[in-house]
Amino acid sequence: MNAAGYRDLADRLKAYGLSIVAKGAQLCVANPLSANLVEEIASQGGRYVTAWGYEIGERGDESGTALRLAFLLGASPGGAV
């Protein structure tokens, strides 16, 4: 994963109140209000992909990727989960 894109995506996800843990070349993203709302994100071929293989966004569109992931994890803008 591109280090700059990795940091940018993590920062944008934190703005939604999500917790982020780096696991090698993946981000483990969780809603702190529920242990069941967790997703692992990796970069494959210029896209961000979940551990289930779903494409969630493109590298270079970290803002849109964060928005989609926050929606899936039940987070709201401004960190009010």
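Residues numbered from 1 in each chain as written. Predicted model: local features only at pLDDT ≥ 70, side-chain atom pairs only at ≥ 80, totals over all residues. Heavy atoms only, no water.

Asks: Looking at this structure, how should I read the sheet that holds strand β1 (residues 19-23)?
Replies: The strands that make up a sheet pair up through hydrogen bonds in the backbone, lying either parallel or antiparallel. With antiparallel pairing, five strands are arranged side by side in an open sheet as β1-β2-β3-β4-β5. Each edge of the open sheet carries a strand with a single partner, namely β1 and β5 (55-58). Each adjacent strand pair in this sheet contributes to an overall mean axis angle of 25°, direction not counted. Where strand β4 (residues 47-50) meets β5, three bridges bridge the pair, whose relative direction is antiparallel. Each bridged residue has a counterpart across the sheet, and for tyrosine 48 the counterpart in β5 is glycine 57. Of the strands in this sheet, β1, β2 (26-30), β3 (38-44) and β4 are in contact with helix α1 (residues 3-14), which crosses β2 at around 0°. Strands in contact with helix α2 (residues 62-72) are β2, β3, β4 and β5; relative to β5, the strand with the most contacts, it is inclined by about 155°. (Pairing = 2+ DSSP bridges. Helix = DSSP H or I, 4+ residues; strand = E, 2+ residues; numbered from the N terminus. Axes fitted to C-alpha atoms, helices over the stretch in contact; angles between N-to-C directions. Contact = heavy atoms within 4.5 Å.)

Asks: I tried to follow the confidence of the model for the protein chain on my own but got confused; where do I start?
Replies: One rule of thumb: low pLDDT means the predicted coordinates there are not for detailed reading. Here the protein chain shows a mean pLDDT of 88. Residues at 70 or above account for 93%. Confidence, read as mean pLDDT per element, is least for α1 in the protein chain (87) and greatest for β5 (95). (pLDDT = per-residue confidence, 0-100.)

Asks: Where do I start with α1 in this structure?
Replies: For an α-helix the count is 3.6 residues per turn, leaving residues at separations of three or four pointing the same way. For α1, built from twelve residues, the straight-helix expectation of 16 Å at 1.5 Å per residue is met to within 8% by its first-to-last C-alpha distance of 16 Å. Looking at the buried positions of α1, the neighbouring elements they touch are β1, β2, β3, β4 and α2. (Expected span 1.5 Å × (residues − 1).)

Asks: I would appreciate a short explanation of the nonpolar core in the present structure.
Replies: As a rule of thumb, soluble globular proteins bury nonpolar side chains together. In terms of nonpolar packing, the biggest core is built from 17 residues, with Leu9, Leu13, Leu18, Leu27, Val29, Ile41 and Leu69 touching the most fellow members. For this core, the secondary structure elements donating two or more residues are α1, β2 and α2. Looking at this core, the element that brings in the most residues is α1, giving four residues. Discounting chain neighbours no more than four positions away, the residues touching valine 29 are Leu13, Leu18, Ser19, Ile20, Leu37, Val38, Glu39, Ile41, Leu69 and Leu73. (Core = buried A, V, L, I, M, F, W, Y, C linked by side-chain atoms within 4.5 Å. Buried < 20%, exposed > 50% of the residue type's maximum accessible area, 1.4 Å probe, protein only.)

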